[in-house]
Amino acid sequence: MSAIGLRTPVAPASGLRGPVRVLLRQHRRALWAAGALLVLSVAVVVGLRIWVAVASSAERCADGDTTRCGDGLYLTTYARTSAETFLEDGGTVILLFTALIGAFVAGPLIARELESGTYRMAWTQSVSPTRWLVARLTVPAALATAGITVLVLVYRWGRSYLLESPYTSGLSWHLQSVYPAIGPVAVGYAVLATAVGALTALVVRRTVLSLSASLLVIGVVVKAMERVRADLWPTDRFLGGHNPGADAWLINGGKLTASGKELLWKDCYSTDRMADPAACMRNRGGITDFLDAHPASHFWPLQLVETGILLVLAAAAVALAFRVLRRRHG
């Protein structure tokens, strides 16, 4: 028979609910600011698409008769040009967002607590260093992945409308300023930025220095991937003037000799800019035209390979972060 007035003790919150709740409360201002920035970005893209749609509906032209277009044609052209100018840098903007995630969110979440010593309070309240770090990795990674996914989907939606116009030329999928914004590569960079931010914070233990280090590392990775991106998937070769498609990513072009040796057009141009390149090719024995390119069908293989590389780098950064944590704090 149990004693009157005694209650069964309530078990403490299991898993990460406690650390996550505390983390969200501590950094709610930064999270609200990030959410507001996300909403603003989405609103801009949605507004641009609506503007172009409204302008297009205002255009009233007879087939082939531009004299009857009036202000409608001018408004449509101006709206499309403005929207294309903004969206052609969408990949750059999203990459900047991912870098800021590592520099201003994931890194400072850890570095600020290590620098001020507040982490000790959490560790003395039944929160192990491992759970403490897991919470500071999973929360930014989950929020960043969700936010970047929304941005990518909205960007693709806004870009798809402009691609229906025959006059749009600056939104090709392979452009470095567009490519990161239209596929899972953006999510890969977001996860990597979170992992790098956590690692630099644990190593440097200073907020400003870890911020700078995170930006530097992410910048190096971005530039490195831009240089090797074309080689992440084998190109297709088109012979005899066959067209790889209007939206293909052209890599190399030239002629083949009778023995199959490749002669590149760029070599003829670099030898003598004033010379006739066709004559240059003939003199070197070129016979058959060839073109190496990534057709539009290579978009997903390239995206998935690059995303896989980024996730592997992120996993390595996370593993190294836990190793640094164990070495310094047991």
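The coordinates are above.
Here the residue numbers are simple positions, counted from 1 along each chain's written sequence. Local features in a predicted model are, by the rule used here, given only for residues with pLDDT of at least 70; side-chain atom pairs are given and counted only at 80 or more, and totals for whole chains, interfaces and linings are based on all residues. Heavy atoms throughout the structure, all of them, feed into the side-chain values; hydrogens and water do not.

Asker: What is the right way to look at a nonpolar patch on the surface in this model?
Answerer: Residues Leu37, Leu40 and Val44 make up a contiguous nonpolar surface patch of roughly 230 Å² in combined accessible area. Under the relative-accessibility criterion, Leu40 is labelled exposed at 52%. Surface patches are defined over residues having more than 30% relative accessible area and no salt bridge, joining like charges when they lie within 9 Å and nonpolar side chains (Val, Leu, Ile, Met, Phe, Trp, Tyr) when within 5 Å. Reported accessibility uses the Shrake-Rupley method at a 1.4 Å probe radius. Residues are deemed covered only where the shown protein chains occlude them. Between Lys or Arg on one side and Asp or Glu on the other, a salt bridge is scored when a side-chain nitrogen of the former is within 4 Å of a carboxyl oxygen of the latter. Three exposure classes are used, based on accessible area relative to the maximum for each residue type with a 1.4 Å probe and protein chains only: buried under 20%, partly exposed in between, and exposed over 50%.

Asker: Please clarify how the environment of Val217 should be interpreted in this entry.
Answerer: Helix numbering and strand numbering both begin at the N terminus, where a helix is a DSSP run of H or I of at least 4 residues and a strand a DSSP run of E of at least 2. Along the polypeptide, Val217 turns up in helix H8 (residues 207-228). By relative accessible area, Val217 is classed as partly exposed at 33%. In the structure, Val217 is positioned 24 residues away from Ala193 in sequence and 8.8 Å away in space, judged by C-alpha atoms.

Asker: Which parts of the structure should I look at to understand the pairing of strand E2 (residues 249-256)?
Answerer: Walk down a regular strand and you will see the side chains alternate between the two sheet faces. Strand pairing is assigned whenever DSSP detects at least two bridges linking the two strands. Direction of pairing for E2 relative to strand E4 (residues 288-294): antiparallel, over a ladder of seven bridges. Across the sheet, Asn252 pairs through a bridge with Asp292, a residue of E4. Bridge count for E2 against strand E3 (residues 262-264) is three bridges, and the pairing is antiparallel. By the bridge assignment for E3, Lys255 is matched with Leu263.

Asker: I'm lost on the pattern of salt bridges in this one. Help?
Answerer: Pairing is possible between side chains that carry opposite charge, provided their charged atoms lie close to one another. Applying the stated criterion to the full structure yields five salt bridges. The residue Arg237 makes a salt bridge to Asp292 at a minimum N-O spacing of 2.8 Å. Of the two residues, Arg237 sits in strand E1 (residues 236-239) while Asp292 sits in strand E4, which places them 55 residues apart along the sequence. A relative accessible area of 10% places Asp292 in the buried class. Each of Arg237, Glu262 and Asp292 takes part in one network of salt bridges that share partners.

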